[in-house]
Amino acid sequence: MNDARPIGIFDSGVGGLSVWKEIVKLLPNESVVYYADSANCPYGSKSKQEIIELAKRNVDFLLHKQCKLIVVACNTATAAAIDDLRKEYTISFIGMEPAVKPASLHSKTKSIGVLATEGTFNGRLYQQTTKRFAKDVKVNIKVGDKLVDIVENNLIFEKETKEHLQKLIHPFIKMNIDHLVLGCTHYPFLMPVLREVLPQNVKILDPAPAVAKQTYNILKKERLTHQDTGKPIYEFYTTGNMDILNNFLKKLTDKKFSLYQL
Ligand code: DGL
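One structure accompanies this document, and this report is about it. Quick caveat: nothing in here was measured; it's all calculated off a predicted structure.

Each value, and the rule that gives it
- Residues numbered from 1 in each chain as written.
- Predicted model: local features only at pLDDT ≥ 70, side-chain atom pairs only at ≥ 80, totals over all residues.
- Heavy atoms only, no water.
- Near = heavy atom within 4 Å.
- Polar contact = N/O pair within 3.5 Å; in protein donor to acceptor, adjacent residues only side chain to side chain.
- Areas by Shrake-Rupley, 256 points an atom, 1.4 Å probe, with all protein chains shown as cover.
- Nonpolar A, V, L, I, M, F, W, Y, C, P; charged D, E, K, R; others polar.
- Helix = DSSP H or I, 4+ residues; strand = E, 2+ residues; numbered from the N terminus.
- Buried < 20%, exposed > 50% of the residue type's maximum accessible area, 1.4 Å probe, protein only.
- Pairing = 2+ DSSP bridges.
- Contact = heavy atoms within 4.5 Å.
- Axes fitted to C-alpha atoms, helices over the stretch in contact; angles between N-to-C directions.
- Right-handed = clockwise from strand over helix to strand, strands pointing away.
- Salt bridge = Lys/Arg side-chain N within 4 Å of Asp/Glu carboxyl O.

## Some details on the site of the ligand
- If you check the shell around the ligand, you find 14 residues, and the closest are Ser 12, Tyr 43, Gly 44, Thr 76 and Thr 185.
- At a separation of 2.6 Å, an oxygen atom of the ligand approaches a polar side-chain atom of Thr 76.
- For the ligand, a nitrogen atom lies 2.7 Å from a polar atom in the side chain of Thr 185.
- Contact with the protein chains removes 99% of the 300 Å² of surface that the ligand exposes when unbound.
- For the shell around the ligand, the class distribution of residues is six nonpolar, seven polar and one charged.

## Observations regarding unusual backbone geometry
- Residue Pro 42 is reached from Cys 41 by a cis peptide bond, and omega for that bond is 5°.
- As for its position among the elements, Pro 42 is in the loop between β2 (32-36) and α2 (48-64).
- Although it is not a glycine, Gln 66 sits at a positive phi angle of roughly 70°.
- Here Gln 66 shows up in the loop between α2 and β3 (69-72).
- We note that Asn 176 has phi near 60°; this positive angle belongs to a residue other than glycine.
- Relative to the elements of secondary structure, Asn 176 occurs in the loop between α8 (159-174) and β7 (179-183).
- Taking relative accessible area as the criterion, Asn 176 reaches 46% and is therefore assigned partly exposed.

## Thoughts on the sheet that holds β3
- One open sheet holds the six strands; their spatial order is β4-β3-β1-β2-β9-β10, and the pairing between them is parallel. This sheet does not close on itself; its edge strands, each paired only once, are β4 (93-94) and β10 (258-261).
- Strands β1 (7-11), β3 and β4 of the sheet are contacted by helix α10 (residues 208-221), whose axis makes an angle of about 160° with β3.

## A short note on the pairing of β1
- Counting buried positions over the five residues of β1 gives five, a clear majority of the element.
- Burial along β1 is two-sided: Ile 7, Ile 9 and Asp 11 facing one way and Gly 8 and Phe 10 facing the other are all buried.
- Relative to β2, β1 runs parallel, the two being bridged by five bridges. Of the residues in β2, the one forming a bridge with Phe 10 is Tyr 35.
- Handedness of the crossover joining β1 and β2 through helix α1 (residues 17-26) is recorded here as right-handed.

## Things to note about the pattern of salt bridges
- Counted by the stated rule, this structure contains nine salt bridges.
- Across the pair Glu 22 and Lys 25 runs a salt bridge whose closest N-O atoms are separated by 3.5 Å. Within this pair, Glu 22 and its partner Lys 25 are both found in helix α1, separated by three residues, close to a single helical turn.
- Look at Lys 25 and you get exposed, because its relative accessible area is 60%.
- Of the charged contacts, one joins Glu 30 and Lys 68 as a salt bridge, the two residues approaching to 2.6 Å between their closest N and O atoms. Of this pair, Glu 30 sits in the loop between α1 and β2 while Lys 68 sits in the loop between α2 and β3, placing them 38 residues apart in sequence. This pair shows no difference in class: Glu 30 is buried, exactly as Lys 68 is.

Below is the structure:
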């Protein structure tokens, strides 16, 4: 009941930091090890088999760091690999899934938009959820072409990014969507620009807070919580560029953290 081991989080890059932020906010006593596989980013256009291999390597790293639970903070890796991970390892995994269910339930125009990677749209989870919960709703989908690279390279506030998003979002506006589901953990970092290009009435859904809640529920259920209000340790490992991760973190948090390049 007082387990000081860290929670592990991985993503193809910096996107999962949007999930890290929510987990740290909700679970302030928990230490966290974050693994950014930026050298292999993007995962979105890779084959299922390639993503499974990468996901297993990321999990092995986090297990080596003694993690007690792993959050796959990547929709694409969840879609391709979570079934295999759950079969192969005894530890619990929490995955990401585009928030099609709440968007469909709350849509008044009966039209929603989903932005995600190719890998996520091809996944069984996405297809099942859409079939089950969006029966009477028009689900408009769009692959977020170039968006992961834009975030990874910190080009969020460039003029070209706004123009690119305007083009990408335009069909959604024509379809009168009232909810936009962000189906990739990189996309919440585009929120300020998305807000500028979307009509006011369109609600943007980021599943990160729900994933943090689910992490809490599983820790509690498995009696893995850390209740001491000591000093949690935040470690970040990247296979890519350390400066980019560092810049993101400086903007995201005022907490102390250690950063390592692999
Ligand atoms: N953050 C990943 C996701 O949620 C990005 C995918 C990619 O690397 O293409 O899907």
